[in-house]
Number of protein chains: 2
Amino acid sequence: MTQPSIKHALSVTRESDFAAWYQEVIAEAEMAEESGVRGCMVIKPWGYGIWERIQQIMDGRIKEAGVQNCYFPLFIPLSYFAKEAEHVEGFAKEMAVVTHHRLVSDGKGGLVPDPEARLEEPLVVRPTSETVIGAAMARWIQSWRDLPLLTNQWANVVRWEMRTRMFLRTSEFLWQEGHTAHADRSDAMAETLRALEMYRSFSEDVLAMPVIAGEKPENERFPGAVATYSIEAMMQDGKALQAGTSHYLGTAFAEAAGIRYQDREGQQTLCHTTSWGVSTRMIGGVIMTHGDDDGLRVPPAIAPHQIVILPMLREDDGDAALLAYCETLRAELAQQSALGERVRVLLDKRPGKATQKRWGWVKKGVPLILEIGGRDAAGEQVSALRRDRLWRADGKVNFVGQSRGDFVAGAADALEDVQRSLHAEATARRDAQIERGVSTLDGLADYFAEGNRYPGWVELGWSRPTGAALEAVVAKLKALKLTIRNTPMDAPAPGGTCPFTGEPAVETIYVARSY
Amino acid sequence: MTQPSIKHALSVTRESDFAAWYQEVIAEAEMAEESGVRGCMVIKPWGYGIWERIQQIMDGRIKEAGVQNCYFPLFIPLSYFAKEAEHVEGFAKEMAVVTHHRLVSDGKGGLVPDPEARLEEPLVVRPTSETVIGAAMARWIQSWRDLPLLTNQWANVVRWEMRTRMFLRTSEFLWQEGHTAHADRSDAMAETLRALEMYRSFSEDVLAMPVIAGEKPENERFPGAVATYSIEAMMQDGKALQAGTSHYLGTAFAEAAGIRYQDREGQQTLCHTTSWGVSTRMIGGVIMTHGDDDGLRVPPAIAPHQIVILPMLREDDGDAALLAYCETLRAELAQQSALGERVRVLLDKRPGKATQKRWGWVKKGVPLILEIGGRDAAGEQVSALRRDRLWRADGKVNFVGQSRGDFVAGAADALEDVQRSLHAEATARRDAQIERGVSTLDGLADYFAEGNRYPGWVELGWSRPTGAALEAVVAKLKALKLTIRNTPMDAPAPGGTCPFTGEPAVETIYVARSY
């Protein structure tokens, strides 16, 4: 028996070339494109609409935690960086530096920086804002009454990247960065873990993207941090994507910036600070978690349009009645609530064939697509397509007919079911690709060998070496193109022996290829 | 009879030193502060909260007009600027230029740009994005079916300013910039004027700030534009503030970027483009329109908190009952709707004396402040202060007692009345300060002479000179520190003679000092 052949909407499949498939989804879903400016992308309406949804929901959760939004300067004077030695070492290789404040003609029809307008102190375009926010905190905090100080900003940052990939690694990207100051270690650590948990639940509930929250190994810490935590998601090619981080910074940044408070006993005391962020990288994670060979599938919680209605226009007298019916349907759906908000529904009246327009929305990943013809309008019917159940077993597109009343009444449930189904599908796939049977370095090499096209992650116990011993482990893994992702929170202590040191294993880690 | 003396919350009055008063409002209302980075400010939670409200409401209106948000690169290659000669001339004097992408140690504990990491082509930090968005439009537009193309971005921009003033003129500022492409002049002009009207109604309805919408004179056009329109608001010192602009760019930017479409007859045709923007400058306008000698007064539509409840805590057993009463009151108020949205109410439980906290919120300009003591709680009463009616005639703070039920039932009306009152007060003041009796250059000089401390605007008819004749007028006005603000839309043709050229007056203009 031959399988019915499905004519997928993309030219490249995930199986044939995952990297090319990723680029094709971004292009065909009209999410972003190369800008012509090195390492910077243009985020197009569909991609930016998803980011707006992420921003809106995350911002609500940030505010609920009592954190207040501010805005800090784009430029950071060089001297601010020089204060924090370890931090600058981590970033110094990849920063955009402003040296002039004016252009002049080069006499040949072009422009050059004006040598008369050289800055006395060059300015760095912020790669992250610990230094400049630390300086503000030092001004704002006097006493224990001012603590905790909880700030966040939504901003663009720049890290000069040699090899870029849209959404995953671009020289400029958009993010939020939370920065907080606390009276002591315990309060700062609680905030670090609160932000981590906020990211974990956001990824699971909103992005429908399962993640493992845990602590990064020492060698992967944010430059200058005492501890770095991350959420790690598994992409469909088995690689790990670090999708958000939260750092406990100890007192080093406070010392560099002079963030001190007078405690209840009148003593000047250093604050303990934290920082935490997620970025447009999350959108890359959504694509590689939920995309299929027909394009993107957007979880309803972040879909700019959750339902698109396509009238099958024929440019004849019947179109007026058809459009009136579709408008009634649109208005009824817009009155429904799903996932805690009003349903976002678009009536797409643009000229063009409905099937062509259908495939445009399929590739963009709209959760529910309705095609409405004159007969549907006359019979008070709708014909609905769930993006996550696109194909029937016989290879045909899986439209389902329903009465308008039934569809409208069930629309919220359908959207919530799409959200759940995407999460369940991604979780099942991720769980199936976690390998627990590897306990030696040779075993690791085998598991990640060329033949195993899309290996997942190896979960194993290790002895948590530090310093030079850790560097030796990292080097061994690097030779296999592997990294340690994190140590999951609250994992029970593993038994057995560390495959790297031969010492007793004390802690669980995930080892994986990564983005 | 002596006036009762009022002890105002600020140390400087508007009358004594308007510029110092402006700085004091910003500091005391905790809106923003100098950052230590030249020309860049830190926007603090109260200032940023107002910006978030402006963004949210403006963004809704932009989307309603069918404009889609995108995000374009922060950096613009020099060569993009060289394409548009007139445009770059207007901006070339004030741009931040990135020349290096890495730092190295200077061997003395400091950092310097790495000479090995000089960019082949320097990058300009965007002062505005016509050039880089034009390049994208050239890629996106093929046929008449792609038009109009309506895009907008919310972004930071940098214009190197020698003299900065918070919110009004900073090297980095936040704004939205709309960029649209159209098939012909008429469609582009309609969009230019739609944006202008959107800004006019937003200023009046949302900011409660009366403005005059009109066309700027030729010498004040955006570099490269065919026509520039603005909204102009009168500050309390009589100076004009340009609070938003909309430009019809003709085909010059399209030609430079190659934005062409195939028309219905198959001909390659240049697009007509527009751009329009408002920025954090609007917040400066709100301060200088509504502030008084006790601080800011925020119009309810953009107030982060519209109502603040201050429990008069005494750290005794009665506080639990008082807090429970305040929480009930908060919850009831949060259920009300005013100005089309749920009421934003804060219960301020921070430690500290209620009167001290009261003056903090007075200076921030919260529209309604409630102080609730144990007796109010026991008697189901509230004691309410309208920020725009702060003082009684006898010099006492104007608290008004009401039953809780009455206050809650009337809260939406009260907020809407504050919004209307602020607008009416500002409009009456503005109208009273428009002088129509001046028709000669000497008359202008007299009106704006030193003795007249806060002159307003002079409305007069002129002959609309162009080229060298206009330059001569501009020079005469400049000698009096005056500028032409705009020609109001739809104004009837004035009679009489142009005071500058002696020719018949054909058009009305406003002449004013300005920010």
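For chain A, an unreviewed UniProt entry supplies the name Proline--tRNA ligase and the organism Novosphingobium piscinae. If you open the UniProt record of chain A and go to Sequence similarities (unreviewed entry), you find "Belongs to the class-II aminoacyl-tRNA synthetase family. ProS type 3 subfamily." Under Subcellular location (unreviewed entry), UniProt gives the following word-for-word description of chain A: "Cytoplasm".

Undergrad: Help me understand the overall build of chain A, please; the structure alone is not making it clear to me.
TA: Assigned secondary structure in chain A consists of 14 helices and 28 strands. The C-alpha radius of gyration of chain A comes to 26 Å, within 12% of the 24 Å expected for a compact globule of 515 residues. Counting the 515 residues in chain A, one finds 59% classified as buried. For chain A, restricting intrachain contacts to residue pairs at least 6 apart in sequence, the fraction spanning at least 24 positions comes to 70%. Accessible area of chain A: about 20500 Å², with a carbon and sulfur share of 49%. Distance from the positive charge centre (58 side chains) to the negative charge centre (69 side chains) of chain A: 3 Å.

Undergrad: What is the right way to read the relation of the copies chain A and chain B from this model?
TA: Put simply, the two copies of the chain differ by a rotation about an axis and a shift along that axis. Aligned on chain B, chain A shows an RMSD of 0.0 Å; the corresponding rotation is 180° and the shift along the axis is 0.0 Å. Here the two chains are linked by the operation of a two-fold rotation axis. Minimal C-alpha distance to the rotation axis in chain A is attained by Val-98 of chain A, lying at 2.1 Å. In this assembly, 100% of the residues forming the interface of chain A have copies in chain B that are likewise at the interface, indicating an isologous arrangement.

Undergrad: Is there a simple way to think about the packing of helix H9 (residues 318-334) of chain A against helix H12 (residues 404-432) of chain A in this case?
TA: The axes of two packed helices give the description: the angle between them and the distance between them. Residue and element names in this part refer to chain A. Contact geometry of H9 with H12 gives a least axis separation of 10 Å together with a crossing angle of 30°. Between H9 and H12, the crossing angle belongs to the class labelled roughly parallel. Like other packed secondary-structure pairs, H9 and H12 cross with a definite hand, here right-handed. Across the interface between the two elements, Tyr-325, Thr-328, Leu-329, Glu-332 and Leu-333 from H9 touch Arg-404, Phe-407, Val-408 and Ala-411 from H12. Considered class by class, the residues forming the contact of H9 with H12 number 6 nonpolar, 1 polar and 2 charged.

Undergrad: How do you make sense of the pairing of strand E9 (residues 149-158) of chain A when you look at a structure like this?
TA: Look at any regular strand and the pattern is simple: side chains alternate between the two faces of the sheet. All names here are of chain A. Counting buried residues along E9, 10 of its 10 residues qualify, which places the element largely inside the surrounding structure. In E9, alternate side chains face the same way, and those of Leu-149, Thr-151, Gln-153, Ala-155 and Val-157 on one face and Leu-150, Asn-152, Trp-154, Asn-156 and Val-158 on the other are all buried. Judged from the 2 bridges that link them, strand E3 (residues 68-69) and E9 form a sheet pairing that is parallel. In the sheet register, Gln-68 faces E9, and the bridge partner there is Thr-151. The sheet contact formed by E9 and strand E10 (residues 172-182) spans 10 bridges and is antiparallel. Bridging from a neighbouring strand, Ala-155 pairs with Trp-175 of E10.

Undergrad: Just checking my understanding: could you explain the pairing of strand E5 (residues 97-100) of chain B for this structure?
TA: Pairing of strand E5 (residues 97-100) of chain A with E5 of chain B, which is carried by 3 bridges, proceeds in the antiparallel orientation. Within E5 of chain B, the position partnered with Val-97 of chain A by the bridge is His-100 of chain B. Bridge count for E5 of chain B against strand E8 (residues 118-125) of chain B is 3 bridges, and the pairing is antiparallel. Residue pairing in the sheet places His-100 of chain B in a bridge with Arg-118 of chain B of E8 of chain B.

Undergrad: How do you make sense of the pattern of salt bridges when you look at a structure like this?
TA: Two side chains of opposite charge can pair, provided their charged atoms sit close to one another. The tally for this structure, following the rule as stated, stands at 66 salt bridges over all chains. Between Arg-420 of chain A and Asp-417 of chain A there is a salt bridge, and its shortest N-O distance comes to 3.4 Å. Of the two residues, Arg-420 of chain A and Asp-417 of chain A are both situated in helix H12; the distance of 3 residues between them amounts to about one turn of the helix. Its salt-bridge partner being Arg-404 of chain B, residue Glu-332 of chain B comes within 2.9 Å of it at the nearest N-O pair. With Glu-332 of chain B in helix H9 (residues 318-334) and Arg-404 of chain B in helix H12 (residues 404-432), this pair connects stretches of sequence that are 72 residues apart. Residues joined by salt bridges that share partners form a network here, namely Arg-386, Asp-388, Arg-389, Asp-417 and Arg-420 of chain A.

Undergrad: Got a minute to help me understand the interface of chain A and chain B in this structure?
TA: Many authors give the size of an interface as the accessible area that is lost as the parts come together. Opposite the 60 residues of chain A that make contact, chain B presents 60 residues. Approximately 5000 Å² of surface area, both sides summed, lies buried where chain A meets chain B, with 66% of it carried by carbon and sulfur atoms. Between the two partners, chain A and chain B, sit 4 salt bridges. The closest approach of N and O atoms between Glu-33 of chain B and Arg-139 of chain A, which form a salt bridge, is 2.7 Å. For the side of chain A that touches chain B, a count of residues per class yields 39 nonpolar, 9 polar and 12 charged.

Conventions and cut-offs
- Residues numbered from 1 in each chain as written.
- Chains lettered and ligands numbered in written order.
- Predicted model: local features only at pLDDT ≥ 70, side-chain atom pairs only at ≥ 80, totals over all residues.
- Heavy atoms only, no water.
- UniProt positions renumbered as here; feature names shortened; annotations may be inferred.
- Helix = DSSP H or I, 4+ residues; strand = E, 2+ residues; numbered from the N terminus.
- Rg over C-alpha atoms; globule rule 2.2 N^0.38 Å.
- Buried < 20%, exposed > 50% of the residue type's maximum accessible area, 1.4 Å probe, protein only.
- Contact = heavy atoms within 4.5 Å.
- Areas by Shrake-Rupley, 256 points an atom, 1.4 Å probe, with all protein chains shown as cover.
- Lys, Arg positive; Asp, Glu negative; His and termini not counted.
- Charge placed at Lys NZ, Arg CZ, Asp CG, Glu CD.
- Least-squares fit on C-alpha atoms with pLDDT ≥ 70 in both.
- Axes fitted to C-alpha atoms, helices over the stretch in contact; angles between N-to-C directions.
- Parallel < 35°, antiparallel > 145°, perpendicular 65-115°, else oblique.
- Left-handed = near helix turned anticlockwise from the far one by under 90°.
- Nonpolar A, V, L, I, M, F, W, Y, C, P; charged D, E, K, R; others polar.
- Pairing = 2+ DSSP bridges.
- Salt bridge = Lys/Arg side-chain N within 4 Å of Asp/Glu carboxyl O.
- Buried area = accessible area lost by both parts, 1.4 Å probe.

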